[in-house]
Amino acid sequence: MNCKWLGVAPSTGRALRIVVPYMAAAGLWIGLSDAIALWLAADAGVYARLQAWKGTGFVLATGLLLHVLMREQFVRIERSHAKARNLATRLRRMLESLDDLIFVFDDRLRFADAYYPDHSAQLMPPEHFMGRTADEMGMPAEIGRALERVRDECSTQPIDYALDMKGGRFWYSAKLSPMTDENGKFVGVIAVVRDITGLKSSEQRFRRLFEDLNNVAVQGYDADRRVVFWNTASEALYGYSREEALGRRFEELIIPPAFRDEAIRMHDDWVVKDKPIPSGELELLHRDGELIPVFCCHTMLRNERGEAEMYCVDVDLRELRETQAQLRRAATHDPLTGLPNRMLARDRFDQAMALAVREQTLLALLFVDLDHFKIINDTLGHGVGDRFLQEIGRRLPSCLRESDTISRQGGDEFLVVLPGLRDRGAVAAIAQKIIETVQEPCDIDGRALTCSCSIGIALQPDDGGDFDSLLLRADTAMYQAKASGRNTFRFFTAQMNADAHERLVMLSHLRQAVQRGELELHYQPQVELATGRVVGAEALLRWQCAELGSVPPARFIPLAEESGLIIPIGEWVLREACRQARAWYDQGLELAVMAVNVSALQFHRGDPVEMVGRILRETGLPAECLELELTESLLVQDGSGTTLNTLRRLKALGLRIAIDDFGTGYSSLAYLRRFPIDKLKIDRAFVRDLASDPEDAAIVNLIVDLGRILKLKTVAEGVEDHGQLAFLCERGCNDGQGYLFARPMPAAAFAAWLGSGPLLPGQPGQDCPPHAA
Ligand SMILES: Nc1nc2c(ncn2[C@@H]2O[C@H](COP(=O)(O)OP(=O)(O)OP(=O)(O)O)[C@@H](O)[C@H]2O)c(=O)[nH]1
């Protein structure tokens, strides 16, 4: 039955649907059953009994019907209760399974219900706070106030708060919403609460991190450009403490005046028009006025109130800039002296060249090389050598004009570019000034060191039109300055070019000289002065070149040294000399010793002990018949002790060691005592002027005395006349070598000379009594 039209509640409608048919059926039954009873009853007694049976039957039928209907109704109610309970349990489980905590407050803002997960161990059980207000529970007052606002304004309120509970301080973020009945009447508050302790602590950690960052300055500004965040690095970078900076606008602090308007406009554009400020390099102001280069990144964030806040992350670029400047400098300057390097010199030269061509002036390139600088290094160490070079680097600019460039090429070489000069005279004057300046003593650790220099000069346009050709020619001219005795300058000439060319040609022939059998040894005797007996011979190298003819040793030996050819040539010399000595020995020619020159290069490259031992074995010469002549510089250079070690191993083979050209190098008594030396050869330069130069005589005297004291034999080279011989005999020099006795001779001539018997021109042995030690 549709009861909508009756305007009754659905439950009333449902009841009417049962009651109305019942009433109709019951009314019909009463009416009809009475009529039937009257018709059936024969008398009043039967009628009364029928009425009693009818009434009983009616009660039983309606009772049964009532029972059925009520039972059905109760079953339904029970089912719906069970369903409701089920739903409630599921709902609670659901609410409790949420990470959020849910609290329900009644209309008087008392805790009415609570749902929170079991693991919220820090929370007390709900029965502790049910029926009590937040204030009664001792919770922060702002919670009570927020609940009141929800009630009074009937609006949702967010709130963050902290609670100190067992286990420490916990942070919560809550959303409080009003609950109303169907009439819109306030009935309570539902609070959805989130535990944000983890978030807060990570936020605090990050905040701390940003605050304490050392190298990255972070600042935050509100929409009004006022500082809301200023970390430690910002304090260091800009010089304002956090307290000083907070609340001040960025343009009052770090924006340079010229950039202020633009910075404000850019910031406002971002806040208002959402137009970001790009990252980039800026120069910002330090408190003391210094402009600091920084790389700036910006980001716009919203605070908890939803307001815009611009954060700037600034990286200090000062160190980077400094490093870049240093790198640029390192690429163009010499690290030792700080002078421009060859690259920068070339650059300056090219600029000066363009100007010289335009203005038709002279441009000079000077190649300055220190003389015998190696000796400073070798005797006093590289540290002192470096400081000497630095001092020269400091001094040289004083001889030059602003427009000139001085650069260090490397080693002890400097380049000078002199633009805009009138003539060669002006160039010569500057070169001379450089020579004088370099020569001035230089005080290093209280030691006055001096060193001269040699300069080669090439000019534009005469000698070339570009850097490389002028450099090559200045180098050639410098080589000539060295060859002319050093401590001087030379302009490049065509002749030098020819000489350089000749050296190249000579070198190419020299490379083949050994294979082509063009090398030959000549032998010069060494004579014992007291007896006139021949005690040895020095092997001297000669080169008969097929193309160039006879080339003097003074020309090709330096070339062999420079090019490294001295190593194979030296080995050939040693082998040939030993072979010859052995042959004479076998022939019974009386010759105590064969002296062979060994160059420093031979000594330092490879294994000289192995080579000498091998050659002695190959040739069969007894080791005591071999004498190696070494230069003084070889001993002086022995910083690490390797020379001493090699000499000892050589001596262990049984041979002898002589120091050649003694007195010309930088002698030191220390090495004479340390090294296993047998002989000192007095340089011919001292012997030549013995008669006329008292200084030379004194030096020879000294060397002979030194030999005697140190128990070393002395041999005078270049003995050419009787006066020298007499002097040497008188002083007690042991042996002599020179034209007075014999010139160097080829092997056959020497053998013939030797075979002709002991002979001394003028019988010096008679004038020269044996020296009494
Ligand atoms: N202290 C120091 N020495 C250097 C440096 N660079 C190169 N040298 C040395 O400088 C010396 C250059 O020697 P050279 O120019 O060949 O010879 P030198 O002794 O000057 O003789 P001459 O040039 O023939 O007069 C070598 O001993 C190098 O080891 C450096 O940076 N510092």
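Residues numbered from 1 in each chain as written. Predicted model: local features only at pLDDT ≥ 70, side-chain atom pairs only at ≥ 80, totals over all residues. Heavy atoms only, no water.

**Structural notes on helix 14 (residues 467–483)**
With 17 residues, helix 14 ought to run about 24 Å at 1.5 Å a step, and its terminal C-alpha atoms sit 24 Å apart, in line with that. You can read the cap of helix 14 off the contacts: a side-chain oxygen lies 3.1 Å from the backbone nitrogen of D468, and it is on D466. The first or second residue beyond helix 14 is G485, which carries a positive phi of 110°. (Helix = DSSP H or I, 4+ residues; strand = E, 2+ residues; numbered from the N terminus. Expected span 1.5 Å × (residues − 1). Polar contact = N/O pair within 3.5 Å; in protein donor to acceptor, adjacent residues only side chain to side chain.)

**A word on the site of the ligand**
Near the ligand, the surroundings consist of 16 residues, among which N377, D386, D412, K482 and R486 are the closest. Backbone polar atom of H372 to an oxygen atom of the ligand: 2.8 Å apart, as the coordinates give it. In isolation the ligand offers 650 Å² of accessible surface; the protein chains occlude 68% of this area. When contributions to the shell around the ligand are tallied by element, the ones reaching two or more residues are strand 11 (362–370), helix 11 (373–380) and helix 12 (382–395). Per-element tally for the shell around the ligand: the top contributor is helix 12, with four residues. Partitioned by chemical class, the residues of the shell around the ligand number three nonpolar, five polar and eight charged. (Near = heavy atom within 4 Å. Areas by Shrake-Rupley, 256 points an atom, 1.4 Å probe, with all protein chains shown as cover. Nonpolar A, V, L, I, M, F, W, Y, C, P; charged D, E, K, R; others polar.)

**Some thoughts on the environment of V150**
Residue position: V150 is located in helix 3 (residues 141–153). Exposure remark for V150: the relative accessible area of 0% places this residue in the buried category. Residues V150 and S177, spaced 27 residues apart in sequence, show a C-alpha to C-alpha distance of 6.6 Å. Not counting residues up to four positions away in its chain, the partners in contact with V150 are S155, Q157, L176, S177, P178 and V189. (Buried < 20%, exposed > 50% of the residue type's maximum accessible area, 1.4 Å probe, protein only. Contact = heavy atoms within 4.5 Å.)

**Quick word on the sheet that holds strand 7 (residues 227–230)**
In spatial order, the strands read 7-6-10-9-8; together these five strands make up an open sheet with antiparallel pairing. At either end of the open sheet lies a strand with only one pairing partner, and these are strand 7 and strand 8 (280–285). Adjacent strand axes in the sheet meet at a mean angle of 35° when their direction is disregarded. Pairing between strand 6 (residues 216–222) and strand 10 (residues 308–316): seven bridges, direction antiparallel. Paired with D222 across the bridge in strand 10 is E309. Those strands touched by helix 9 (residues 318–332) are strand 8, strand 9 (291–302) and strand 10, and its axis lies near 140° from that of strand 9. (Pairing = 2+ DSSP bridges. Axes fitted to C-alpha atoms, helices over the stretch in contact; angles between N-to-C directions.)

**A few points about the pairing of strand 18 (residues 519–528)**
Among the ten residues that make up strand 18, eight are buried, leaving the element largely enclosed by the rest of the structure. Connecting strand 18 to the antiparallel partner strand 19 (residues 534–545) that follows it, the hairpin turn spans five residues, and G532 within it adopts a positive phi of roughly 80°. Here two bridges tie strand 18 to strand 27 (residues 745–746), and the two strands are oriented antiparallel to one another. Across the sheet, residue H522 finds its bridge partner in strand 27, namely P746. Sheet topology note: the strand 18/strand 26 (residues 735–736) ladder contains two bridges and is antiparallel. Across the sheet, residue E528 finds its bridge partner in strand 26, namely D735.

**Concerning the sheet that holds strand 5 (residues 186–195)**
Pairing within the open sheet is antiparallel, and its five strands lie in the order 2-1-5-4-3. One side of each edge strand has no neighbouring strand; the edge strands of this open sheet are strand 2 (111–115) and strand 3 (157–165). Sheet twist, expressed as the average angle between the axes of neighbouring strands with direction ignored, equals 25°. Relative to strand 5, strand 4 (residues 168–180) runs antiparallel, the two sharing nine bridges. Its bridge partner lying in strand 5, A174 is registered against V193.

**Looking at the pairing of strand 10**
Two strands pair when backbone bridges link them, and strand 9 and strand 10 are joined in this way by nine bridges, in the antiparallel orientation. Opposite C297, over in strand 10, you have V313 as the bridge partner.

**Examining the pattern of salt bridges**
Taken as a whole and judged by the stated rule, the model has 52 salt bridges. Notably, a salt bridge pairs K273 with D269, separated by 3.5 Å at the nearest N-O pair. In this pair, K273 and D269 both sit in helix 8 (residues 260–273), four residues apart, roughly one turn of the helix. K651 is paired through a salt bridge with D678; the nearest N and O atoms lie 3.0 Å apart. Of the two residues, K651 is situated in helix 21 (residues 642–653) and D678 in the loop between helix 22 (669–674) and strand 24 (679–682); the sequence distance between them amounts to 27 residues. When its relative accessible area of 26% is taken as the criterion, K651 is described as partly exposed. (Salt bridge = Lys/Arg side-chain N within 4 Å of Asp/Glu carboxyl O.)

**Topic: the packing of helix 1 (residues 10–40) against helix 2 (residues 44–97)**
As a packed pair, helix 1 and helix 2 sit with axes 10 Å apart at the nearest point and diverge in direction by 165°. When the axes of helix 1 and helix 2 are compared, the pair comes out roughly antiparallel. In this structure, the crossing between helix 1 and helix 2 has a hand that is right-handed. The residues of helix 2 that touch helix 1, namely those facing I18, Y22, A26, W29, I30, S33, D34, A37, L38 and L40, are Y47, L50, Q51, K54, F58, T62, L65 and L69. Of the residues contributing to the contact of helix 1 with helix 2, the split by class is 13 nonpolar, three polar and two charged. (Parallel < 35°, antiparallel > 145°, perpendicular 65-115°, else oblique. Left-handed = near helix turned anticlockwise from the far one by under 90°.)

**Thoughts on the packing of aromatic side chains**
Following the criterion strictly, the structure yields 16 aromatic pairs and no others. Centroid distance W230 to Y238: 6.1 Å. Interplanar angle 50°. Geometry classified as tilted. Both residues of the pair, W230 and Y238, belong to the buried class. An aromatic cluster of at least three residues, connected via ring pairs, comprises F103, F105, F111 and F129. Between the NZ or CZ atom of R424 and the centre of the ring of F491, over which it lies, the distance is 5.0 Å. (Phe/Tyr/Trp six-rings, centres within 6.5 Å; stacked < 30°, edge-to-face > 60°. Lys NZ or Arg CZ within 6 Å of the ring centre and 35° of its normal.)

**Describing unusual backbone geometry**
Following Q460, the chain continues to P461 via a peptide bond in cis, the omega torsion being 10°. The residue P461 is located in the loop between strand 16 (453–460) and helix 14 in this model. Phi at C154 is positive, roughly 50°, even though this residue is not glycine. Topologically, C154 is positioned in the loop between helix 3 and strand 3.

**Quick look at the side chain of E518**
Here E518 is to be found in the loop between helix 15 (494–513) and strand 18. With relative accessibility at 8%, the residue E518 sits in the buried group. Polar contacts involving the side chain of E518 include one to the side chain of R516, which spans 3.2 Å.

**A closer look at the packing of helix 15 against helix 16 (residues 553–563)**
The N-to-C vectors of helix 15 and helix 16 enclose an angle of 80°; their axes lie 10 Å apart at closest approach. Compared by their axis directions, helix 15 and helix 16 come out roughly perpendicular. Here E502, R503, M506, L507 and L510 of helix 15 come into contact with helix 16, specifically with R555, F556, L559, A560 and S563. Here the contact of helix 15 with helix 16 is built from residues that sort into six nonpolar, one polar and three charged.

**As for helix 1**
The end-to-end C-alpha distance of helix 1 is 45 Å, a good match for the 45 Å that 31 residues give at a rise of 1.5 Å each. Of all bends in helix 1, the biggest is about 25°, found at L16. Those residues of helix 1 that fall on the buried side of the exposure criterion are G13, A26, S33 and A37. For helix 1, the elements touching its buried residues are helix 2. (Bend = angle between axes of the 7 residues up to and from the residue.)

**Some thoughts on a nonpolar patch on the surface**
On the surface, a nonpolar cluster with roughly 420 Å² of combined accessible area is contributed by I18, V19, Y22, M23 and L65. Among the structural elements, M23 can be located in helix 1. (Patch = residues over 30% accessible without salt bridge, like charges linked within 9 Å, V, L, I, M, F, W, Y side chains within 5 Å.)

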